[in-house]
Amino acid sequence: MSSPTSIPSQDGTPVTTWTTAARAAASARTAAPALAALSLPERASLLRGLSHALGENAAHLADVAVDETRLGVERLQGEIRRTQVQLEMFADVVEAGAFLDAVIDPADPAAQPAPRPDIRRMLVPLGPVAVFSASNFPFAFSVLGGDTASALAAGCPVVVKAHEGHPRLSDLTGELAADVLPPGALTVVHGREEGRSLVTDPAVRAVGFTGSTSGGRALFDLANSRPDPIPFYGELGSLNPVVVTPAACAARGADIVREYIASVTLSQGQMCTKPGLLFLPAGHGLEDDLRRGIAAARPASLLGPWISTAYRATLDDLAAHPAVRPLHLAEQPDDPRAGAPALLTTTAEDVRACPELLRECFGPASLVITYTTPQDLMETLRTLPGGLTATIQGQEPQDEDLVHRLTAALQAGRLIWNGWPTGVAVTAAMHHGGPWPATTSPLHTSVGSRAVARWMRPVAYQNVPEKLLPPPLRRANPWNVPQEVDGSGQPGGGR
Ligand code: NAP
C-alpha cells in the first residue's frame, strides 16, 4: 500500500488518503474477474457481511457522522438501518437470480422467414464502477450506499470518491468494507482532481453520481469526452412540485400547510426530494398558516459551509426578484454554517414569464405559487423541468378529471398522491430517477432493486454448446435462476 498523503477537506481539516484514483482503479480492474466469477450465494454473503459490519459499528459510525454532518443522531441511526436493509435487499436480489435476465430461445429450423439459431441472452457485469457519494446521506448514498450495494450485487468492484463533507466517516466505512470484501473490491479516494481522474481512467467502466446538477453535468461531460465514453448515472437536483387542487385546499388546507412545512424542513431541507414548489389556488387564505408554520421552524446547522453559502445566496437572489414576495424571511443567523427556514411566494403567470425562478434552493426554503384557473396551472406545469417527484394533493371523486390532466402534465420519476415526496422507500417498484435535469439517464433508478441494471450489459450467445455457456443459460439450470424459455415471456419459467 502507498504512503498516506494529506489533502485539505471542505472545512480545511487535513484528510489522509491512502491511494490515488489510478491505483484504486487498477486494483479494481484486478479484482473484477474474480468478483464476477463468484457464485450468487457467495456474492450475496459479501453483501450481508457488509450489512453486519455496519450494524456492529453503528454507534461509533453515527457519532462520527453527527460530528461531520451535524445531522441528528436519530436520523443517522435510521439511515444506517436503511443502508443495512438496502445491502440485505441486494443480497436477496442476487440470490433470486432474476436480475441476470436469462432468456433462452432454442434453435428453430422451421422458423419463418428463415431457420433460427439457438440464442441465449443474459446480463454480465460492466467492470469497475466509480461512485461519487452524496453529502446529505452519509450512509445511504455514500461509501456503502445504494450505488455501491447495487454495483457489488452486479459483480462490479467499486471505487468511491468520498464526499468531503464527511471524510473521516468515509474512510472508516471503507476500512470496515475492506475487512469483508476481497482486495480491490472497494476503495475510497478523496479530492476533486482524483474524482475527475477516476471518470477518465480506462479501467473504470461506469459512473454513479449523487449531487448537484452542475457537478453532475461537469462529470457527465467528462465521461462522454473519453475516447471510449462510458455510462454515467447522475442523480441530481429536483424542484419536486406539489399541486394542491381547489377542492383539497378547501377541505384540508391547514393540514396540508402543516405537512408541507414539515416536509420542507426535514433534515434542514437538505433532501433532493424536498418540495421546492407548492401550487395553491389564488385566494387560498392560508398565508397566516404558512407564515406561522415556517416561523416556528428553527434555524439549524447545515451540512457544511459550502451548502449554507449556496443556500443563502440562492435565497437572496430569489427573494430580491421583482416577481417574488417573501412570506417569511428571517435574518440569517451569525453562525455561518446555519440556515434560517424561509418561504417565498409568486404567481403562476410570473413563473411562466420568469423561468429563472425555477431554481433548486438546497436547504429549508420553498416557493408558494398561486394559480387562477386549471388552464393557468397546466400551462405553468408544462414549463417545469423534469423532476424526481411530483405530488398531487387532491380530493376524490370531485378532482378526477383534473388529476388525469395533472398526471399527464407533470414530468417526474415518481408521482405521489396525497402524501409528501421526502422519504424514498427501498422496494422493487421504487423509481428514484426522472427526466433531465433530475438525472442524466431517465431510464434508470438509483434506489430499489432495479438499480442493479445500471451496472450490467446484455450478451447474446449464439449456438454456443451447453457446457460452454455461463451456468445461468444452461438448460440444466445449475444455479436455479429464473429463465425465460422460447418466448414464454415468463421470467421464472426455469424454476
Ligand atoms: P456537489 O457539490 O455536486 O458534490 C458532489 C460530488 O461531486 C463531490 O464529491 C464533489 O467533489 C464532486 N464535484 C462537484 N462538482 C465537481 C466538478 N465540477 N468536477 C469534479 N467533481 C465535482 O453536491 P453536494 O453539494 O454534495 O449536494 C447537494 C446537491 O446534491 C443538491 O443539489 C441535491 O439536490 C443533490 N442531491 C441529489 C440526490 C439525488 O438522489 N438526486 C441526493 C442527494 C443530493 P468535492 O467535494 O471533492 O469538490
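The structure displayed is predicted, hence computed values, not measured ones.

A. Geometry of the sheet that holds strand S19 (residues 456-462). Read from one edge to the other, the open sheet built from 4 strands follows the order S19-S4-S3-S20, with strand pairing classed as mixed. Each end of this open sheet is capped by a strand with a single partner; those strands are S19 and strand S20 (483-485). Strand-to-strand, the axes of this sheet are offset by a mean angle of 20°, without reference to chain direction.

B. Expanded view of the packing of helix H2 (residues 40-56) against helix H4 (residues 73-96). Direction vectors running N to C along H2 and H4 enclose 170°, while the axes themselves pass 8 Å from each other. By the angle between their directions, the pair H2 and H4 is classed as roughly antiparallel. Residues Leu 40, Pro 41, Arg 43, Ala 44, Leu 47, Arg 48, Leu 50, Ser 51, Leu 54 and Gly 55 of H2 form the contact with H4, whose participating residues are Ile 80, Thr 83, Gln 84, Leu 87, Glu 88, Phe 90, Ala 91, Asp 92, Val 94 and Glu 95. In the contact of H2 with H4, the residues fall into 11 nonpolar, 4 polar and 5 charged.

C. Local environment of the side chain of Gln 84. Tracing the backbone through its elements, the reader meets Gln 84 in helix H4. For Gln 84, the side chain forms a polar contact with the main-chain oxygen of Ser 51, separated by 2.9 Å. Apart from the residues lying within four places of it in its own chain, the contact partners of Gln 84 are Ser 51, Leu 54 and Gly 55.

D. Representation of the pairing of strand S4 (residues 119-125). Here strand S3 (residues 102-105) runs beside S4; their pairing, made up of 3 bridges, is antiparallel. Looking at S4, one finds that Asp 105 is bridged to Ile 119. Alignment of S4 against S19, held across 7 bridges, turns out to be antiparallel. If you follow Pro 125 over to S19, its bridge partner there is Met 456.

E. Quick peek at the packing of aromatic side chains. Applying the stated criterion to the full structure yields 6 aromatic pairs. Their ring planes at 45° and their centres at 5.9 Å tell us that Phe 132 and Phe 209 sit as a pair that is tilted. Of this pair, Phe 132 sits in strand S5 (residues 129-132) while Phe 209 sits in strand S8 (residues 206-210), placing them 77 residues apart in sequence. With centroids separated by 5.9 Å and ring planes inclined at 75°, the aromatic side chains of Phe 220 and Phe 232 adopt a geometry described as edge-to-face. Here Phe 220 is found in helix H8 (residues 213-225), whereas its partner Phe 232 is found in strand S9 (residues 232-235), with 12 residues between them in sequence. The partly exposed category is assigned to Phe 220, whose relative accessible area is 23%. Relative accessible area serves as the criterion here: at 4%, Phe 232 is assigned to the buried category. Among the aromatic side chains, those forming a connected cluster through ring pairs are Phe 132, Phe 209, Phe 220 and Phe 232. The ring centre of Phe 137 lies 4.7 Å from the NZ or CZ of Arg 75, which sits over that ring. Over the ring of Trp 436 we find Arg 217; its NZ or CZ atom is 5.3 Å from the centre of that ring.

F. Up close: the environment of Glu 396. Relative to the elements of secondary structure, Glu 396 occurs in the loop between strand S17 (387-393) and helix H14 (400-409). Here the alpha-carbon distance between Glu 396 and Asn 418, two residues 22 residues apart in the chain, equals 11 Å.

G. Examining the environment of Thr 440 more closely. Topologically, Thr 440 is positioned in the loop between strand S18 (412-417) and S19. Along the chain, Thr 440 and Tyr 233 lie 207 residues apart, while their C-alpha atoms are 5.9 Å from each other. When sequence neighbours within four positions are dropped, the list of residues in contact with Thr 440 reads Phe 220, Phe 232, Tyr 233, Gly 234 and Leu 236. Within the local environment of Thr 440, its side chain forms a polar contact with the backbone oxygen of Phe 232, the two atoms lying 3.0 Å apart.

H. Representation of the pattern of salt bridges. For the structure on display, the rule yields 21 salt bridges. Between Arg 116 and Asp 486 there is a salt bridge, with its nearest N and O atoms 3.3 Å apart. With a gap of 370 residues between them, Arg 116 in the loop between S3 and S4 and Asp 486 in the segment after S20 connect regions that are remote in the sequence. Put simply, Arg 217 and Asp 221 hold a salt bridge, and the shortest N to O gap is 3.1 Å. Highlighted residues: Arg 217 and Asp 221, both in helix H8, separated by 4 residues, approximately one helical turn.

I. Quick look at the site of the ligand. Taken together, the neighbourhood of the ligand is formed by 25 residues, with Ser 135, His 163, Ser 212, Leu 236 and Glu 360 sitting nearest. Measuring from a nitrogen atom of the ligand, one finds a backbone N or O atom of Glu 235 at 3.3 Å. Within the side chain of Glu 360, one N or O atom sits 2.6 Å away from an oxygen atom of the ligand. Looking at the shell around the ligand, the elements that each hand over two or more residues are helix H7 (192-200), S8, H8 and helix H11 (305-319). Considering every element that reaches the shell around the ligand, the biggest residue donor is H8, with 3 residues.

J. Region of the structure containing the sheet that holds S18. A sheet is described by the order of its strands in space; here 7 strands give the open sequence S13-S15-S16-S11-S10-S17-S18, paired in mixed fashion. Looking along the sheet, the strands with just one partner apiece sit at the ends: strand S13 (325-329) and S18. For this sheet, the mean inter-axis angle between neighbouring strands, taken without regard to orientation, is 20°. The pairing of strand S11 (residues 277-281) with strand S16 (residues 365-371) spans 5 bridges and is parallel. Note on S16: the bridge partner recorded for Leu 280 is Thr 370.

K. Summary view of helix H1 (residues 21-37). Between its terminal C-alpha atoms H1 stretches 24 Å, which fits the 24 Å expected from 17 residues at 1.5 Å a residue. Maximal helix bending in H1 amounts to about 40°, located at Ala 31; proline Pro 33 follows within four positions. Turning to H1, its buried residues are Ala 21, Ala 24, Ala 25, Ala 28, Ala 31, Ala 32 and Leu 35. Against H2, helix H5 (146-154), strand S6 (158-161), strand S7 (186-189) and H7 lie the buried residues of H1.

Parameters at a glance
- Residues numbered from 1 in each chain as written.
- Predicted model: local features only at pLDDT ≥ 70, side-chain atom pairs only at ≥ 80, totals over all residues.
- Heavy atoms only, no water.
- Pairing = 2+ DSSP bridges.
- Helix = DSSP H or I, 4+ residues; strand = E, 2+ residues; numbered from the N terminus.
- Axes fitted to C-alpha atoms, helices over the stretch in contact; angles between N-to-C directions.
- Parallel < 35°, antiparallel > 145°, perpendicular 65-115°, else oblique.
- Contact = heavy atoms within 4.5 Å.
- Nonpolar A, V, L, I, M, F, W, Y, C, P; charged D, E, K, R; others polar.
- Polar contact = N/O pair within 3.5 Å; in protein donor to acceptor, adjacent residues only side chain to side chain.
- Phe/Tyr/Trp six-rings, centres within 6.5 Å; stacked < 30°, edge-to-face > 60°.
- Buried < 20%, exposed > 50% of the residue type's maximum accessible area, 1.4 Å probe, protein only.
- Lys NZ or Arg CZ within 6 Å of the ring centre and 35° of its normal.
- Salt bridge = Lys/Arg side-chain N within 4 Å of Asp/Glu carboxyl O.
- Near = heavy atom within 4 Å.
- Expected span 1.5 Å × (residues − 1).
- Bend = angle between axes of the 7 residues up to and from the residue.

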